[in-house]
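Analysis of the macromolecular model
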Amino acid sequence: MNEIIGFIGLGKLGLPIATNLLNSGYALTVYNRTASKAASLVAQGAQLASRPVETVIWNRRCSHLDEYVIA
C-alpha cells in the first residue's frame, strides 16, 4: 500500500493497533514519549518521529490514541 499513516501513542492499546497496521502493509511514522516502545515497530520498518508534530508533517493522516481509556 502507498498510504503512510502517522501514529501517536504506543501504550497497551496503541502498540497492537500499530503492529496490525504494519502487518497489513501500511507504512507508519510513529511517536511515543518513551521512544524505546517503538523499537519493535521500527525493526519492522516504521519510521520513528522524535516529536509528535513530525507524524503530521511527514504524513497526510494522523491517528492518536491516549494511553488512558475510560470504560
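Overview of the structure.

What counts and what doesn't
Residues numbered from 1 in each chain as written. Predicted model: local features only at pLDDT ≥ 70, side-chain atom pairs only at ≥ 80, totals over all residues. Heavy atoms only, no water. Buried < 20%, exposed > 50% of the residue type's maximum accessible area, 1.4 Å probe, protein only. Helix = DSSP H or I, 4+ residues; strand = E, 2+ residues; numbered from the N terminus. Pairing = 2+ DSSP bridges. Right-handed = clockwise from strand over helix to strand, strands pointing away. Core = buried A, V, L, I, M, F, W, Y, C linked by side-chain atoms within 4.5 Å. Contact = heavy atoms within 4.5 Å.

**Quick notes on the pairing of strand S1 (residues 4–8)**
Among the five residues of S1, four are classified as buried, and the element is accordingly described as predominantly covered. Two strands pair when backbone bridges link them, and S1 and strand S2 (residues 27–31) are joined in this way by five bridges, in the parallel orientation. Bridge pairing links Gly6 to Thr29 in S2. In this fold, the crossover linking S1 to S2 by way of helix H1 (residues 14–23) has right-handed handedness.

**Quick word on the pairing of S2**
For S2, a buried count of four out of five residues is recorded, marking the element as mostly surrounded by other parts of the structure. By the bridge criterion, two bridges tie S2 to strand S3 (residues 47–48) in an arrangement that is parallel. Along S3, the bridge assignment pairs Val30 with Leu48.

**Some details on the nonpolar core**
One finds Ile5, Phe7, Leu10, Ala18, Leu21, Leu22, Leu28, Val30, Ala38, Leu41 and Ala46 forming the largest nonpolar core, which totals 11 residues. Elements with a minimum of two residues in this core: S1, H1 and S2. When neighbours within four sequence positions are excluded, Leu21 is seen to be in contact with Ile5, Phe7, Tyr26 and Leu28.

**Looking at the environment of Phe7**
Looking at where Phe7 falls in the secondary structure, it is placed in strand S1. Here Phe7 falls in the buried class, since its relative accessible area comes to 2%.

**Remarks on the environment of Leu10**
One can find Leu10 in the loop between S1 and H1. Judged by relative accessible area, which is 2%, Leu10 ranks as buried.

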